Every structure is written in C-alpha cells, then in structure tokens.
Amino acid sequence: MRITSLDRLVVAGREYCLTEVSETSYAFEAPNAFGVRQVYTFEEFAQLLRRSDVEFEPLYHLPGRQDAREGAGTLDLISGLPERPRSETVWRHAIVTAFLELERRGEVKRVPSSIREALPKLEAHVNEMAKATQRSWRSPRAGRWNAYRSPPCERSLRTWLRRYEMSGCSILALVPRTHRSGNRDARYCAASLRILGAAIGTYLIRNGPNKSETYKKYKELLSQENDRRSEDGLPPLPEMAQRKIERTLKGLDPYSTKVHRRGVDEARHEFVLYETGIDVSYPMERIEVDEWKIDVISIFSQLGLLNDLSDEELAGLERGRRWLYLAIDCATRCVLGMRIARAPNPRDAVELLADITRDKSDLAEAAGCMSRWHHHGGLAAVVTDLGAAFVSDEFRAAVLDAHGNPETPPGGLPWLRSRVERIFGTISSALMPLLSGRTSSNPILRGDYPAEQLAALSDDVLMELLTIYIVDIYHNMPHEGLDGETPNNCWNRLSSEKGVVPALSQQTRCLAFGLKDKRRVSGRGVRKFGIDYVCPALRDFHLHSHEQDVAIRVDLRDLGWIMVRVDRTWHVARALQKCAEGVSFDTWSAAVRSLRQKHHDEAVLHERTVFEALRRIIAINEREATRFGTILAAQTPESLERAHDQLFLGLSITPDRDDVLDLPTDDSLHGRIVRLDEPEREEPTNDLDDRDTDTAKRAWRFDDDE
C-alpha cells in the first residue's frame, strides 16, 4: 500500500502517524502520547483496516487540509452537509476539475481574460452533466424544462482553485462558507438575559409554574427592574415576546428539566436506558468505470426460480438485455468489479464502488474459477462518462467520501476512457458469440438471428460466465497494452514495486457505500431490521436532545454494528443482540423469515430457537455456496424497504448476556460469522417454576414498537 507520513490512522480512538516503513511492516507512533508505538506487518495492517473501530484517512495532515476542514465547519465528509450545500459542493468540484483538465491540455491560463473565454466551455460541460442527471434515463424531448446553475465569475473560480490546491485537492475546500451563515449573537443585553434567567429559575423547581405562568413571572420581574432603572435614570429594558420565553423553555435540556421539575426517579423512568456491554503508475491510481448494454438477451430471473417451471411458463418469462457496470484499473488492466443491472441507476454504480474496494476471491471461488480475484484497494481518480448514474450526487458523493476524486472528461472524447471502452469490445467479440441469445447493437450484423427465442441464460448464470471469463481467461492472457504481460502478473509486479492505494477502513466503507436511513432513538438506541444498536452518543442524545431521529449507515455484510450521526459526528453503534455480530442481511432475513413462518401464532420465541434457526440457515448457505446465484444476491432499496415492511416490522429481540451462540464459520460473501463459546449446560433440577420464569425473561418477541 502507498502510505505516507501525512496519513492519519485512528485505532480505538487514538491517533497515529506513520514514522517508518520496512520491507515487511509499517511503524506508527502516537503524536500525543510519547513512546506509544505500533508496528504492523503488511498483512496485519490490511486486516486492521477491516475493524469497525479503525479510521484511516490519506493525506489528513497535508498543509491546507486543516484549514479546509475548519472552513467547512469541522466536517470530515461532505455527506454530513444538508442537501443544498452538498449539491453545490459537488457542482463546484465539477467546475474546478474541468478547468484543471483544460489547463493541463494548455487550453486555458489563470488570467482573467483567458478564464472568461473558457467559462462558456466549462459551463457547457457542467450543464451537460446536470442535463444527464435531470433526464434520468428518459428519452430527450423538446420543451422539457431543465435547471442549471449560473457559472462563477473569473474571480470566484480563481478563489476556488486556490483553496482547492492549497488543501491538497480536498473537496472540503469547496464547501460553501454560507452554509453556516446566520446571526447567532445574543439579541438582548446581559441585564435582559439575567431577568430571563431568574424567570427560568422559577420554572425549574419541583411542581413549578407552567410556561404561561413563567411568562407572567418574567413580566413581573421585568417591571420591577425597569422601576429601579427609572429611579436611576437608566432606559428601560425591552420586553421579550411570550413566544421567545416559550422557545427558551422548550430548548432546555430535557433530562435536567425533568429532574428539576419532577425528581430523579420520574426522570429515570421516562428516560430509561437499555444497554449492555457498550464499551498511473501503480495499481488503483486511476480507475475507469462505465456501463454497457450486454450483447446477449437473457431471462429476467434467477436460476433457482426457473427449476420448477414448465416449458410454457419458461416461454412466458420476460426477456431482454441487461446492463453491465464494470471498473478497470488503468495501470494493470485488471477488472476491479462488475455488476449486472436491469437498467442504469446510481445505487448499482455505488455498489460497484464497494466491490472495487474489497477482495472478490469469494465470487471467483463461487463461480468455480481457478484464479483469485484479489485486485482491490482504495480509491484515487475515478473516471466516468456523462452517464446519469455517474454524474448523480449520490455516486460522486460516495467517491469523495471514500477519499477518491471523481473525474468526468468532456463528452465526445472516448479516448480519454479508452481502457474501459476497449474491454467492452473484448467481451463482446470474445465471449458473447459463445452464448445463446447473443445479439448485437447493430441490426445489420444481427441479421435474422432469433435471439429472443434462443435466450436461455438467467441473470446469475450470465454473471457467472462473465466472472469466469474475466478471472480465469482475461486476467491470464498476454495484453497488448502491457507489452505482452498478463494483467495478473502486472498487478503483482507493480503492487510489489510501487504499492497500492491503501484499502479503506470499514468505517469509511460503511459511510461511503452503506445503506442510508433515518431511525428514531429510544431507550434501546436505534432499531434496524429488528436489531437494537446502542452507543454512548445515542445515550446522551436520548437524554438531552429535543430531536428524535438520527441518520444511520448500515453495512449489509455485517449487521453487528452500524454508524450513527449525532451532532454532526459519526459514531459506531453496536448491536445489543450479540448473535447479529458478523451476520449478513441475507442470513439474518432468512432466519427471521423461517421463524415468522414456523411461529406465526406464537407470541414469544425462545432464544435457543433463534440460535438453532441461524445454525440451519448458515449450514444451508455453506451447502449452496457452490451455486453462484446464492453468492450474488443483490439488495435494492426497494427490496430492503419491502423486507422491512413485510418481514422486520414489529420484530423485537430481548438481548441476553448469559447465553451465547456457537456458530460455524462462514467465509462466503454473506459475511464472516464470529465463533462464540457454547455455554455450559446446567444439570436438570426440580425447580421447574424458577427455570421457566428465567427462560421467559430471555425471550425473543414480536411487537409493534418500531
């Protein structure tokens, strides 16, 4: 990996900086703790980045980036911005990167006259991106309304360029400073605020007056003070409106207010907390991403759903051409990820980014490949065309949050993305003719070939064939662009000589690519998929905040933890139900579905029943791991919402700290299951009533509090 002394590593809340690199390891020291030193081998460091309590940010200490973070309001990711300033930040980044590209090609200089001449070209380029986003895969139509932003003047553009370059090309330098604007100074003098404080003091007593009576008390105190000021020849203090008094009282700390007015016991009862155990010369330098309508007609279904259908039912299934999202590493020509989609959409494009940054050998093994698909790393330059999925705010924000830099060359210049364009031609000419149902983008070349009638491939089979071709054939064939070297050998050579862009930490992956949602905070933290998540920040939020909802990010490969955003900061929240650790969404939903069907009429599900269900699900998953379709189960926003409405609604799980689950190891794509110790079985006793009572306390139940 390419790690420098400017990078920041945070392990369990302690910050480290790189001090030494040997042939086999990295040495880090804590700048704020003398003598604290950590040494990791290359393999240990790669494993370290997979932990949920580890953060890694490249070039964090670069001069200028601290100023950029302060100017952005101590933000670390633009995903923490509201929608409008986030969209404007992405737009500014597109303007700046387009200018830098023109400057690199010698078409513009940083003088006012040259910038003014280039502004129409920059505006046309950015407006083309906006048009693609607003069109949203619909066919162009005359008279359709589009909204575009006004271009900056040459002075503003030079200011953005200067901030961007001084910050080491950090997107945070382009965050509008106006997003924190507003007059936050006190609008009343200290004497007026003292009168208000005295009135609030009468409100914060046991069985004190209500808000209306507090306002009357404020007017009484103000009248007395103004009488004294009149005697002293001073001007009277202005009277605050009743609405101002009520807003001030409403803004008081909820927990402290309840303690003062109703006592500690009642406050504890209302704010009860349920908690337990909270404690392009090196690989990945430049990545090209594109979408392609596959030259083969397939059956829009999965293989497992076709096995029991008759010939007539098979003939009636929908057929058509799928879209393929593909990413290629420019330095080594290795394919970093693929994803099949029914239609272009930003969610599948973001999922492709997640695949780019992880080891995909599990996919290769499931497809029966003989080679590994280990090519992955962090993001640097991510180059796309003007496809609506790639110019969307969702995709570009994901790239930026993953420490990458999205680049969108002007349209009509395919040679600027020649490597990804070429591999589509290679797949079309080398693999597609071997498949039944093949077609062509050219009707003349297709002729009278009956592609629809001969379509026999399902989605998972099509993806399996593509994986086998890429991993076992393409990666191991001499490549003309590499002077006869194979992509696999080139990756191994360059990664050994020059290193790879550092892999993303699990926290960064979750924030950039994870499922986005908002959940309501209760005494049990936040609930998602029937699992409760808690952390100290959520506990304080529940006690002291008037808001009720928080933003969350969920890694569907591991439901044992999530990220929650409290007071503009992201925190790790862990599952109260320890059996969710290391379990993927697919495994968890399968277990819940099995229990729903089996115990439909029962109000209580015992903990051991759920444990046994998880064991069965994992055993089935291991048995079916050789079927490629089971490893490729993709979750769309629609399917997740449908699962929540139909499957997880009302699911409540009472955690148990005494009982543990002994799960077999699952190394498939669904996630790694953490092996826990099996609890010792107690000898039978005659005290059946006590045992039944204890079992009833540790039970899983269905309720409707979500």
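Before reading further, recall that the structure is shown in the block above.
Let us look at the structure shown here. (Residues numbered from 1 in each chain as written. Predicted model: local features only at pLDDT ≥ 70, side-chain atom pairs only at ≥ 80, totals over all residues. Heavy atoms only, no water.)

Attention now moves to the environment of L559. Mapped onto the elements of the fold, L559 is located in the loop between strand 14 (549-554) and strand 15 (561-566). Note on L559: relative accessible area 0%, which makes it buried. Put simply, L559 and S584 are 25 residues apart on the chain and 5.9 Å apart in space, counted from C-alpha to C-alpha. L559 has contacts with F529, I531, Y533, V554, A575, A580, V583, S584, F585 and W588, leaving out every residue within four places of it along the chain. (Helix = DSSP H or I, 4+ residues; strand = E, 2+ residues; numbered from the N terminus. Buried < 20%, exposed > 50% of the residue type's maximum accessible area, 1.4 Å probe, protein only. Contact = heavy atoms within 4.5 Å.)

The subject of this paragraph is the environment of T19. Locating T19 in the fold gives a position in strand 2 (residues 14-21). For T19 and A30, which are 11 residues apart along the polypeptide, the C-alpha to C-alpha distance reads 9.8 Å. Filtering out sequence-adjacent residues up to four positions away, T19 remains in contact with A27, F28, E29 and R37.

Before going further, it helps to spend a moment on the pattern of salt bridges. The full count for this structure, using the stated rule, is 31 salt bridges. As a salt-bridge pair, R51 and D53 come within 2.9 Å of each other at their nearest N and O atoms. Owing to a relative accessible area of 37%, R51 belongs among the partly exposed residues under this scheme. The partly exposed category is assigned to D53, whose relative accessible area is 24%. Between R92 and E88 there is a salt bridge, with its nearest N and O atoms 3.2 Å apart. Here E88 and R92 lie together in helix 3 (residues 83-104), a separation of four residues that amounts to about one turn. Because the salt bridges share partners, they merge into one network encompassing E101, R104, R105, E107 and K121. (Salt bridge = Lys/Arg side-chain N within 4 Å of Asp/Glu carboxyl O.)

Every α-helix winds through 3.6 residues per turn, so residues three or four apart in the chain are directed the same way. Buried residues of helix 9 (residues 254-262): P254, T257 and R261, and no others. The buried residues of helix 9 occupy an angular sector of 65° when projected down its axis, which confines them to one face. Of the surrounding secondary structure, the elements contacted by the buried residues of helix 9 are helix 6 (190-203) and helix 21 (536-544). Of the residues flanking the end of helix 9, it is G263, one or two places downstream, whose phi is positive at about 100°. (Arc of directions from axis to C-beta.)

Following both chains from N to C, one finds helix 3 and helix 5 (residues 154-166) inclined at 90°, their axes separated by 10 Å at the closest point. Accordingly, the angle class assigned to the pair helix 3 and helix 5 is roughly perpendicular. Along the contact surface, helix 3 presents W91, R92, H93, I95, V96, T97, F99 and L100, while helix 5 presents L157, W160, L161, Y164 and E165. Here the contact of helix 3 with helix 5 is composed, by residue class, of nine nonpolar, two polar and two charged. (Axes fitted to C-alpha atoms, helices over the stretch in contact; angles between N-to-C directions. Parallel < 35°, antiparallel > 145°, perpendicular 65-115°, else oblique. Nonpolar A, V, L, I, M, F, W, Y, C, P; charged D, E, K, R; others polar.)

This brings us to the packing of aromatic side chains. Applying the stated criterion across every chain yields a total of 12 aromatic pairs. Taking 5.6 Å as the distance between ring centres and 15° as the angle between the ring planes, the aromatic pair formed by F28 and F45 counts as stacked. With F28 in strand 3 (residues 25-29) and F45 in helix 1 (residues 42-48), this residue pair connects regions lying 17 residues apart in the sequence. Accessibility classification places F28 together with F45 in one group, the buried group. With a centroid separation of 5.4 Å and an interplanar angle of 20°, the aromatic rings of W292 and F424 are classed as stacked. Of this pair, W292 sits in strand 6 (residues 286-299) while F424 is found in helix 15 (residues 418-430), placing the two residues 132 residues apart along the sequence. Per residue, the accessibility class of W292 equals that of F424, and both read buried. Connected via pairs of aromatic rings, a cluster forms that spans Y26, F28, Y40, F42, F45 and F56. The ring of W373 has K360 lying over it, and the distance from NZ or CZ to the ring centre is 5.6 Å. In this structure, K528 is placed above the aromatic ring of F529, and the distance from its NZ or CZ to the ring centre is 4.9 Å. (Phe/Tyr/Trp six-rings, centres within 6.5 Å; stacked < 30°, edge-to-face > 60°. Lys NZ or Arg CZ within 6 Å of the ring centre and 35° of its normal.)

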